[in-house]
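Structural overview
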Amino acid sequence: MKAALAARARARSNIALAKYWGKSDVALNLPAVPSLSLTLEGLTTETEVVFSRDLGRDELVLGGHLAGENETRRASELLDRVRAAAEIDLRARVTSRNDFPTASGLASSASGFAALAAAAAAAAGLDWSATRLSREARRSSASAARSIFGGFVELPAGDPGDDRLAARAIAAPEHWDVRMVVAVGSEGAKEIGSTEGMERSRRTSAFYDAWIDAAPALFRRVKSGVKSRDIVAVGEAMEQSTLAFHACAIAAAPAILYWAPVTLAALRTVRDLRERRGIPVYATMDAGPHVKALCEAEHEGPVRRALARTEGVLRTIVASPGRGVEWL
Ligand code: DP6
């Protein structure tokens with residue numbers, strides 16, 4: 001084996017403008033709807049993977065703390081696929097650090113599994129393409145497939161049984177100078193992870209089929225708006241996509257309600273900026289209470305200040321279009 005046994009990689013988080021929610025194949029982790037995201041500069045995960053003969057089992061250290069069984073198992077499953085491809089049988093120590101709150105709907109699994117796939121493959125001596133890395137990251141967490149690439153990235157819906165699905169970049173970070181202003185509403189962990197949330201939605205929500213039917217057209221509107229840099233077209237379709245998936249989740253039993261008072265307050269701020277001040281800014285939310293506001297770079301200042309003043313907002317993070325995964 002020619003491999004150096006250690007490697008480090010950095011990946012950035014991404015926020016979906018057209019949301020993924022629901023799987024067409026749970027075992028292969030294939031999305032039931034196409035999604036389109038923006039990779040974010042500044043919301044990063046750095047991960048080191050060291051394969052070693054001295055380890056009896058895989059170890060995962062997240063933000064300085066030994067991770068629990070579930071998180072370690074999800075990392076081990078990705079490491080198993082890398083070990084099988086590289087034909088090595090060594091356990092790994094994985095050390096990972098985020099520079100933003102973990103597991104609170106700020107897409108830490110996206111940057112986390114993207115960085116892990118890239119670091120593990122390199123540590124095992126595998127010279128995988130970005131497409132191959134994206135496929136492996138997708139099997140662990142579908143949104144992670146998108147974080148392999150920079151800029152504006154699409155992940156098509158998957159056909160059940162077809163394990164080849166990977167994301168692809170549709171426009172580089174330089175294509176469009178937009179900002180995602182994240183209004184952080186809590187630093188804690190979310191109640192229901194997305195994997196469980198979307199499965200419960202599929203099993204129990206009366207609105208699940210309606211969401212699956214509506215999502216592709218919303219995705220197409222977002223994609224064509226991104227290509228023509230049309231903030232109004234992207235923003236309107238983006239808000240519909242997020243509100244439709246949340247409506248689907250809220251209608252599950254028991255309900256999956258990610259919103260907190262701060263969510264509504266920040267949504268109101270975004271609408272006021274649009275209606276009273278004529279600023280084209282639009283909101284999106286994931287599996288947590290935070291509102292993320294999309295606008296063009298010239299409007300960053302007023303959007304950030306208005307969200308920072310909004311009741312319940314702890315702090316804001318401003319991100320511009322970011323690059324894909326890189327090795328350190
Ligand atoms: C609401 O990618 O975390 O952020 O594939 O089960 O790991 P798994 O789910 P995950 O879901 C992300 C859901 C979302 C929307 C999105 O990012 O598209």
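Residues numbered from 1 in each chain as written. Predicted model: local features only at pLDDT ≥ 70, side-chain atom pairs only at ≥ 80, totals over all residues. Heavy atoms only, no water.

**A word on the packing of aromatic side chains**
Evaluation of the coordinates by the stated rule reveals four aromatic pairs. Both rings, one in Trp 21 and one in Tyr 258, keep their centres 6.3 Å apart while their planes meet at 90°; by these two values the pair is edge-to-face. With a gap of 237 residues between them, Trp 21 in the loop between strand S1 (6–18) and strand S2 (23–25) and Tyr 258 in the loop between helix H7 (231–250) and helix H8 (261–277) connect regions that are remote in the sequence. As far as burial versus exposure is concerned, Trp 21 and Tyr 258 are alike and both buried. Three or more aromatic residues link up through ring pairs in this structure, and these residues are Trp 21, Trp 211, Phe 245 and Tyr 258. (Phe/Tyr/Trp six-rings, centres within 6.5 Å; stacked < 30°, edge-to-face > 60°. Helix = DSSP H or I, 4+ residues; strand = E, 2+ residues; numbered from the N terminus. Buried < 20%, exposed > 50% of the residue type's maximum accessible area, 1.4 Å probe, protein only.)

**Considerations on the site of the ligand**
Around the ligand, a shell composed of 18 residues is seen, among which Tyr 20, Lys 23, Ser 141, Ser 143 and Thr 195 lie nearest. Lys 23 places a polar side-chain atom, nitrogen or oxygen, 2.5 Å from an oxygen atom of the ligand. For the ligand, an oxygen atom lies 3.1 Å from a polar atom in the side chain of Arg 74. When the free accessible area of the ligand is taken as 450 Å², the share hidden by the protein chains comes to 94%. Secondary-structure elements contributing two or more residues to the shell around the ligand are helix H4 (142–147) and helix H5 (194–204). The residue inventory of the shell around the ligand, partitioned by class, reads six nonpolar, seven polar and five charged. (Near = heavy atom within 4 Å. Polar contact = N/O pair within 3.5 Å; in protein donor to acceptor, adjacent residues only side chain to side chain. Areas by Shrake-Rupley, 256 points an atom, 1.4 Å probe, with all protein chains shown as cover. Nonpolar A, V, L, I, M, F, W, Y, C, P; charged D, E, K, R; others polar.)

**Observations regarding the packing of helix H6 (residues 208–227) against H7**
Packed helix pairs are characterised by how far apart their axes lie and by the angle those axes make with each other. Axis separation between H6 and H7 bottoms out at 9 Å; the angle between their running directions is 160°. The orientation of H6 relative to H7 falls into the category roughly antiparallel. Handedness of the H6/H7 crossing: left-handed. Contacts from Tyr 208, Trp 211, Leu 218, Arg 221, Val 222, Gly 225 and Val 226 in H6 reach Ala 233, Val 234, Glu 236, Ala 237, Met 238, Gln 240, Ser 241, Ala 244, Phe 245 and Cys 248 in H7. (Axes fitted to C-alpha atoms, helices over the stretch in contact; angles between N-to-C directions. Parallel < 35°, antiparallel > 145°, perpendicular 65-115°, else oblique. Left-handed = near helix turned anticlockwise from the far one by under 90°. Contact = heavy atoms within 4.5 Å.)

**Brief notes about the nonpolar core**
By size, the foremost hydrophobic cluster in this structure holds 58 residues, and its most contacted members are Trp 21, Val 49, Phe 51, Leu 79, Val 82, Leu 116 and Trp 211. Here this core gets ten residues from one element, more than from any other, and that element is helix H2 (residues 108–123). The residues touching Phe 51, leaving out its near neighbours within four places in the chain, are Leu 5, Leu 79, Val 82, Arg 83, Ile 88, Leu 90, Arg 91, Ala 92, Ala 120, Ala 123 and Ala 124. Counting 26 residues, the second largest nonpolar core, distinct from the first, contains Val 182, Val 234, Leu 294 and Ala 319. (Core = buried A, V, L, I, M, F, W, Y, C linked by side-chain atoms within 4.5 Å.)

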